[in-house]
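Residues per chain, in single letters:
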Amino acid sequence: MSKKRSGKAGPLSGIRVLDMSRILAGPWVGQLLADLGAEVIKIERPGKGDDTRAWGPPFVKDREGKDTSDAAYFMCANRGKQSLTLDISRAEGQQIIRELAQKSDVLIENYKVGDLQRYGLDYDTLSVLNPRLVYCSITGFGHSGPYRDRAGYDFMIQGMGGIMSITGERDDLPGGGPQKVGVAIADLMTGMYSTVGIVSALHERHTSGRGQHIDMALLDTQVAWLANQNANYLIGNEVPKRMGNAHPNVMPYQTFRTEDGDIIIATGNDGQFQRLCVAAGIPEVGTDARYASNALRIKNRDTCTATLAAEMKKKTTAEWVAQLETIGVPCGPINQLDQVYNDPQVQHRGMKIDVPHPLAGTVPLVANPIKFSRTPIEYEMPPPMVGEHVDAVLRDVLGKSAEQIAALRENKIV
């Protein structure tokens, strides 16, 4: 339904997305779909826009070095979109959403359960106007169940969904206790699962000719992606505990102090463990019956860790990395972000990009990690200024005249 943004077509070229979400989980979906070639129209509140525009400092600086009104937080999740400011609390604004929904393939929203129904913008209503519409709702707890009416935020979902019970130092060690992940991982993973759901529904639509409603919950997602920790509990009938940087199922798979910092050792089999011990000057530990298998090393974790820890302190992190890489023992440093972006591998893969920006000149962003062989991702559009594309969307998508657009502006609908 959409027009291509350039001469090259991404995998989702021709798909139009109406992004009625804000903060992070929903906008993350919209940005991913935009990266993949979809035309994404972001609906924002007149004047203020997405809440995260104000979530700073830091703020994007203009060409003169002065702060703009857009925070770095907003920039991380909104590139490739057009911004249409619209007051959906008023009938005229609701009608524009209905018109856009009829011309869109996907709608993303993260309003509280029932909020959009009051405006006649819920799935049941819009699907009558456009039966092919894929409508993705993102909430804290989903559209069913005893918590459906509760507001849900990433931090509390991390606590409720179990990740904080297994993240952080051991309770019996200094600094022990629950820790959240350093980014809003429940939001981000919900955005990833939502994107998979949307693309899957679009594919299914080729067969059925019909769209559908996708009901995404942060709590569901947080529970789902605990992976091996879920299986450890469900199959082993033992509640996992916080283990700091150690791994519950593999050993040694953790951090060690070195002469000048820290190193990650990530052995995945007995051979790697034995080579590690040889490199550390303790080959007898590699053949010790107590540590002959991963299961035995787990059983004797404390003594094995203590023995290795004493040796790892004798060299610098760089010395260990250089030595262990040559013998096939997985290892690596713990980088701060300045070190990440100076890493030659990260630079080679082009993970930092500079996108043209109307006020800043260019703005640095992070590339999408997907590398297509035939349809590479293009970064043509920066995160939009609030309301930047009002005229373009109303004119080009809905066919509104200059007079109609002027009237909508005068009445503060857009």
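For every chain, the first residue of its written sequence is number 1, and the numbers climb from 1 along that sequence. Since the coordinates come from a predicted model, pLDDT governs what is reported: local features require at least 70, and pairs of side-chain atoms require 80 or more to be given and counted, while whole-chain, interface and lining totals use all residues. As a rule here, side-chain values come from all non-hydrogen atoms in the structure, and water together with hydrogens is ignored.

1. Here we look at the overall build of the chain
Helix numbering and strand numbering both begin at the N terminus, where a helix is a DSSP run of H or I of at least 4 residues and a strand a DSSP run of E of at least 2. Scanning the chain for helices and strands turns up 18 helices and 13 strands. When the 414 residues of the chain are sorted by exposure, 44% land in the buried category. Two residues qualify as a contact provided that any one of their heavy atoms is within 4.5 Å of a heavy atom in the partner residue. Taking the intrachain contacts of the chain between residues at least 6 apart in sequence as the baseline, contacts between residues at least 24 apart amount to 67%. Total accessible area on the chain is roughly 20700 Å²; 54% of this is exposed by carbon and sulfur atoms. Note that His is not counted, nor are the chain ends; the positive residues are Lys and Arg, and the negative ones are Asp and Glu. Here the site of a charge means NZ on Lys, CZ on Arg, CG on Asp, or CD on Glu. Charged side chains in the chain number 46 positive and 48 negative. The centres of these two groups are separated by 2 Å. For every residue, the accessible area obtained with a 1.4 Å probe (protein chains only) is divided by the maximum for its type, and the residue is called buried under 20%, exposed over 50%, and partly exposed between those limits. Surface exposure here means Shrake-Rupley accessible area, sampled with a 1.4 Å probe, where a residue is shielded only by the protein chains that are shown.

2. Considerations on the sheet that holds strand S7 (residues 134-139)
One bridge is not enough; two strands pair if DSSP finds at least two bridges between them. The sheet built from six strands is open, its strands ordered S5-S2-S1-S6-S7-S8 with parallel pairing. Since the sheet does not close on itself, it has two edges, and those belong to strand S5 (81-85) and strand S8 (213-217), each with one partner. Mean inter-strand twist for the sheet, computed between neighbouring axes without regard to direction, equals 20°. By the bridge criterion, five bridges tie S7 to S8 in an arrangement that is parallel. Across the sheet, residue Thr 139 finds its bridge partner in S8, namely Ala 217. Where helices are involved, their axes are fitted lines through C-alpha atoms of the stretch in contact, as for all axes, and angles between N-to-C directions lie from 0 to 180°.

3. Here's the deal with the side chain of Thr 267
Position of Thr 267 among the secondary structure elements: in the loop between strand S10 (262-266) and helix H10 (270-279). For Thr 267, a relative accessible area of 0% puts it in the buried group. Any pair of N or O atoms that falls within 3.5 Å is considered a polar contact. Within protein, one atom must be able to donate a hydrogen and the other to accept it, and sequence-neighbouring residues count only if both atoms are side-chain atoms. For Thr 267, the side chain forms a polar contact with the main-chain oxygen of Pro 252, separated by 2.6 Å. Not counting residues up to four positions away in its chain, the partners in contact with Thr 267 are Val 250, Met 251, Pro 252, Tyr 253, Gln 272, Phe 273, Leu 276 and Val 329.

4. A short note on the sheet that holds S10
One open sheet accounts for three strands, arranged S9-S10-S11; its pairing is antiparallel. Of all strands in the sheet, those bounded by a partner on one side alone are strand S9 (253-257) and strand S11 (331-332). In this sheet, S10 lies alongside S9 in antiparallel orientation, the contact comprising five bridges. Within S10, the residue paired with Gln 254 across the bridge is Ile 265. Seen against the sheet, helix H14 (residues 317-326) touches S10 and S11 and runs at an angle of roughly 25° to S10.

5. Details of the packing of aromatic side chains
Centres within 6.5 Å are what make two rings of Phe, Tyr or Trp a pair, Trp counting through its six-membered ring; a difference in plane orientation under 30 degrees is then read as stacked, over 60 as edge-to-face, and the rest as tilted. Under the definition given, this model contains three aromatic pairs. Ring centres 5.0 Å apart and planes at 75° place the aromatic pair Trp 55 and Tyr 73 in the edge-to-face group. Note that Trp 55 is positioned in the loop between strand S2 (39-44) and strand S3 (59-61) and Tyr 73 in helix H2 (residues 72-75), a separation of 18 residues in sequence. Accessibility expressed as a relative area gives 42% for Trp 55, which makes it partly exposed. Here Tyr 73 falls in the partly exposed class, since its relative accessible area comes to 28%. Ring geometry for Phe 141 and Tyr 147: centres 5.5 Å apart, planes at 80°, overall edge-to-face. The exposure class of Tyr 147 is partly exposed, given its relative accessible area of 33%. Sitting over a ring, as applied to charges here, requires NZ of Lys or CZ of Arg to be within 6 Å of the ring centre and within 35 degrees of the ring normal. Its guanidinium or amino end placed over the ring of Tyr 111, Arg 22 lies 4.3 Å from that ring's centre, counting from NZ or CZ. It is Arg 118 that lies over the ring of Tyr 119; its NZ or CZ is 5.0 Å from the centre.

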